[in-house]
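Commentary on secondary and tertiary structure
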Amino acid sequence: GSTGPNPIPPNCRSYATVIDAWSRSQDYYLIDDDNNNNNNRNNNNRNKKDIVLDKAQRAEELLAELEDRFQETGDEALRPNAYVYCAVLNCYAQSRDPFKVRKAWKLVQDMKDLYKSGTNPSAKPTIVVYNALLNCCATALPAETFFMLQLLQDICTKELRIFQDSKKHVNDDDDVNDDTNNNNDAVVDELRPDEFTFGTVLKAASVVLWDLPEDFIPKVFAAACRAGQVSHGVCLQFRFAAPDLYDQTIPSWAIDPMTGHFSVDKLPKKWTHAVSKRKRRQRQQRRNHHQQQQQQFRN
C-alpha cells in the first residue's frame, strides 16, 4: 500500500494497470523454503516444490479484491469497468491455464449479467472485450480445442454477427474517403467488429482450421471487405490461414512482383476505408491534443 503522510488510494485504473503488467510478465515462481539455500538452480531445472504463480490466477485475485473493495466502500473510483475486465482477459490469453477459454467466456458472461441487471453499468462488454476473448481462443491449449471451436463460431454468428451484411454498403463509385459532416458517422457501435476482430478471428481459425466449415475463412474475409476493415494484420492472418485462397483473392496489382508482398495502399478502397478513416481520426485527435497542450503552455 501507499506510505507517507498523504497516501494515494488505489482506484480501478490502478488495478487495471497492475493486471495489465501481469499479462506482460514472465511466470513468477514462489520458491519453497526448503530450497531457498540452493543458489545454483536455474529456471530450466526447478524443484517440484517450486510453485508457479500463474498470471491468470493473480489477475483473478486482483479483480476479486477490487470487486470486494467496491462492494464494501461504494467508492465509484473502485467500480470495475470494461478496461479492468479486459486486462484480466489479456492475462488469460497470455497464460498457460489449460481452461483459460472457458474462464474468459464466463468472465464475459458475468460482465453481460452485471450490465443487464443494472448492477454495474460500467461492465458493458465492448468490441475490445470481445477482441480479447477472441485472442484467448487463438491461444487455446489442446484441452479446450473442441470448446474453442464451438465458441469461435458462436461469437461470429450469435454475439457479433460478423457475417451479416452491413446496413450501409460502399459501392464502387462511392467516395469512401469522404469525411463529410454526417453526425451519424461519429456514432460508433460498441460491438461493431473492427480490423482487430477480423484479424483475431482468422488467427483463431487457423488453430482449428480442419474442423471448421470450408466456407468459414472466405466468409470472414468477405465480411471484413464489406465492413472496410481489411488491414495489414487481417491480410497476414488471411494468408496464414488460407494461403491458396489468399493468392486467389488478393488483386495481382496489390502484390509486389519482386518480393511477393502485398501493399494495403493498393487494395480496393472499399476494403480498407474504415481502417483508413480510423487512422485519420486518430491523427486528428493527436494534433488536437498537441494544440491544446501548446495553448495551455502559452497561457
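Residues numbered from 1 in each chain as written. Predicted model: local features only at pLDDT ≥ 70, side-chain atom pairs only at ≥ 80, totals over all residues. Heavy atoms only, no water.

A few words on the confidence of the model for the protein chain. Across the protein chain, pLDDT averages 85, with 80% of residues at or above 70. When the criterion is pLDDT under 50, residues 167–188 qualifies, and its contacts beyond four places in sequence or with other chains add up to 16 contacts. (pLDDT = per-residue confidence, 0-100. Contact = heavy atoms within 4.5 Å.)

Judged by nonpolar contacts, the single largest core of 74 residues is most densely connected at V84, L152 and F216. Looking at this core, the element that brings in the most residues is helix α3 (residues 82–94), giving 10 residues. Among all residues touching F216, those that are not within four sequence positions of it are L152, Q153, C156, F163, V201 and A205. (Core = buried A, V, L, I, M, F, W, Y, C linked by side-chain atoms within 4.5 Å. Buried < 20%, exposed > 50% of the residue type's maximum accessible area, 1.4 Å probe, protein only. Helix = DSSP H or I, 4+ residues; strand = E, 2+ residues; numbered from the N terminus.)

What follows covers the side chain of N120. Structurally, N120 can be placed in the loop between α4 (100–116) and α5 (127–138). One polar contact links the side chain of N120 to the main-chain carbonyl oxygen of P80, over a distance of 2.8 Å. (Polar contact = N/O pair within 3.5 Å; in protein donor to acceptor, adjacent residues only side chain to side chain.)

Helical geometry note: an α-helix holds 3.6 residues per turn, so side chains three or four residues apart project in the same direction. Taking 1.5 Å per residue as the helical rise, helix α8 (residues 216–227) with its 12 residues ought to reach 16 Å, and the 17 Å between its terminal C-alpha atoms agrees with that figure. Every buried residue of α8 is listed here: F216, I217, V220, F221, A223, A224 and C225. Here the buried face of α8 lies against α6 (145–159), α7 (195–205), α9 (232–241), α10 (243–249) and α11 (269–298). Note on α8: the residue one or two positions beyond its end, G228, has a positive phi of about 70°. (Expected span 1.5 Å × (residues − 1).)

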